[in-house]
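# Topology and contacts: notes
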Amino acid sequence: KQEVTQIPAALSVPEGENLVLNCSFTDSAIYNLQWFRQDPGKGLTSLLLIQSSQREQTSGRLNASLDKSSGRSTLYIAASQPGDSATYLCAVKSNFNKFYFGSGTKLNVKP
Amino acid sequence: EPEVTQTPSHQVTQMGQEVILRCVPISNHLYFYWYRQILGQKVEFLVSFYNNEISEKSEIFDDQFSVERPDGSNFTLKIRSTKLEDSAMYFCASIGGGVVDEQFFGPGTRLTVL
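Here is a short report on the structure shown in this document.

Thresholds, definitions, all that
Residues numbered from 1 in each chain as written. Chains lettered and ligands numbered in written order. Predicted model: local features only at pLDDT ≥ 70, side-chain atom pairs only at ≥ 80, totals over all residues. Heavy atoms only, no water. Helix = DSSP H or I, 4+ residues; strand = E, 2+ residues; numbered from the N terminus. Buried < 20%, exposed > 50% of the residue type's maximum accessible area, 1.4 Å probe, protein only. Contact = heavy atoms within 4.5 Å. Buried area = accessible area lost by both parts, 1.4 Å probe. Salt bridge = Lys/Arg side-chain N within 4 Å of Asp/Glu carboxyl O. Polar contact = N/O pair within 3.5 Å; in protein donor to acceptor, adjacent residues only side chain to side chain. Phe/Tyr/Trp six-rings, centres within 6.5 Å; stacked < 30°, edge-to-face > 60°. 1 Å grid on protein atoms, 1.4 Å probe; cavity = no way out; pocket = protein on both sides within 12 Å on 5 of 7 lines; lining within 4 Å. Points joined across faces, edges and corners; volume = space filled by probe spheres on them. Nonpolar A, V, L, I, M, F, W, Y, C, P; charged D, E, K, R; others polar. Core = buried A, V, L, I, M, F, W, Y, C linked by side-chain atoms within 4.5 Å.

Time to look at unusual backbone geometry. The peptide bond linking Ile7 of chain A to Pro8 of chain A adopts the cis configuration, its omega dihedral lying at 0°. Its location among the elements puts Pro8 of chain A in the loop between strand S1 (4-7) and strand S2 (10-14). Of note, the bond from Thr7 of chain B into Pro8 of chain B is cis; its omega dihedral lies within 30 degrees of zero at -10°. Tracing the backbone shows Pro8 of chain B in the loop between strand S1 (5-7) and strand S2 (10-13). One non-glycine residue, Asn51 of chain B, adopts positive backbone phi at about 55°. Structurally, the position occupied by Asn51 of chain B is in the loop between strand S5 (43-50) and strand S6 (53-57). The class for Asn51 of chain B is exposed, based on a relative accessible area of 59%.

Let's shift gears to the interface of chain B and chain A. Across the contact, 25 residues belong to chain B and 24 residues belong to chain A. In total, chain B and chain A occlude about 1,800 Å² of area from one another, counting both sides; carbon and sulfur atoms represent 50% of this. For the interface between chain B and chain A, the tally reads two salt bridges. The closest approach of N and O atoms between Lys93 of chain A and Asp101 of chain B, which form a salt bridge, is 2.7 Å. Taken together, the connections running from chain B to chain A amount to seven residue pairs in polar contact (both at pLDDT 80 or more). Elements represented by at least two residues in the side of chain B that touches chain A include exactly strand S4 (31-37), S5, S6, strand S9 (88-95) and strand S10 (103-105) of chain B.

What follows covers the packing of aromatic side chains. Scanning the model with the defined rule gives 14 aromatic pairs over all chains in all. The interplanar angle of 40° and the centroid separation of 5.5 Å between the aromatic rings of Phe32 of chain B and Phe75 of chain B together place this pair among those described as tilted. Pair noted here: Phe32 of chain B is in strand S4 and Phe75 of chain B is in strand S8 (residues 75-79), with a separation of 43 residues, a long-range link. An aromatic cluster of at least three residues, connected via ring pairs, comprises Phe36, Phe99 and Phe101 of chain A together with Tyr33, Tyr35, Phe45, Phe91 and Phe105 of chain B.

Counted as a void, the largest pocket has a volume near 510 Å³. Gln38, Pro40 and Thr87 of chain A together with Gln37 and Gly40 of chain B are the residues nearest the centre of the largest pocket, which is lined by 28 residues in total. At the level of secondary structure, the elements contributing two or more residues to the lining of the largest pocket comprise strand S9 (86-93) and strand S11 (105-110) of chain A together with S9 of chain B. Sorting elements by how many residues they give to the lining of the largest pocket places S11 of chain A first, with four residues. Of the residues belonging to the lining of the largest pocket, the class tally is 11 nonpolar, 12 polar and five charged.

The next point concerns the nonpolar core. Judged by nonpolar contacts, the single largest core of 24 residues is most densely connected at Leu33, Trp35, Leu75, Ile77 and Tyr88 of chain A. Broken down by secondary-structure element, the contributors of at least two residues to this core are strand S3 (19-25), strand S4 (32-38), strand S5 (44-51), strand S7 (62-67), strand S8 (72-77), S9 and S11 of chain A. Phe61, Phe75, Ile79 and Leu111 of chain B belong to the second-largest nonpolar core, a separate cluster that totals 22 residues.

Note that every value here comes from positions in space, so none of it alone points to a role or purpose.
See below:
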């Protein structure tokens, strides 16, 4: 069974710092990996989707990379802002129509 | 911008009662999902639905659960006899079905079983 792990579980940084969130998965046979943002008590907002054939995707200050063979993905956030404070989740699509989520990294960006 | 909607936002029920959680996926999307998130825990996959039938389900999705797409817009999750441990946020999601299969989530329904 696919297991998805996210490190660190929590991160607190001052505004303006660049930071890296990590996601690892045990089964490299994935179709894609998606990064989400979740605000307290809210739904999930899609940030980036990386197909299994891709190495990275970029959107604004966000850059996600994927190393399928080693079972890892990183989400890089440049010039962090207080509005980036949220929990960041990664999810892998393994089987045709099934997804596995990590526990998330709770990010706090201090003004 | 199209979005997934869910109703109600919060449902309180007594143990043993039936509940139906409703979702309206993005129009023209083909794949539909239900997830749950117990407070402080991971988002857990429950079931996926395509072409009017279940395509995958998890071990959580036992006989107490059922899904239905009664018309061209709604997608429902029914829990027949709720238990205390069913208390969670329930999220609906949909995927368009094209080359890029990005999931879009609804805001969730908080289910509280007393």
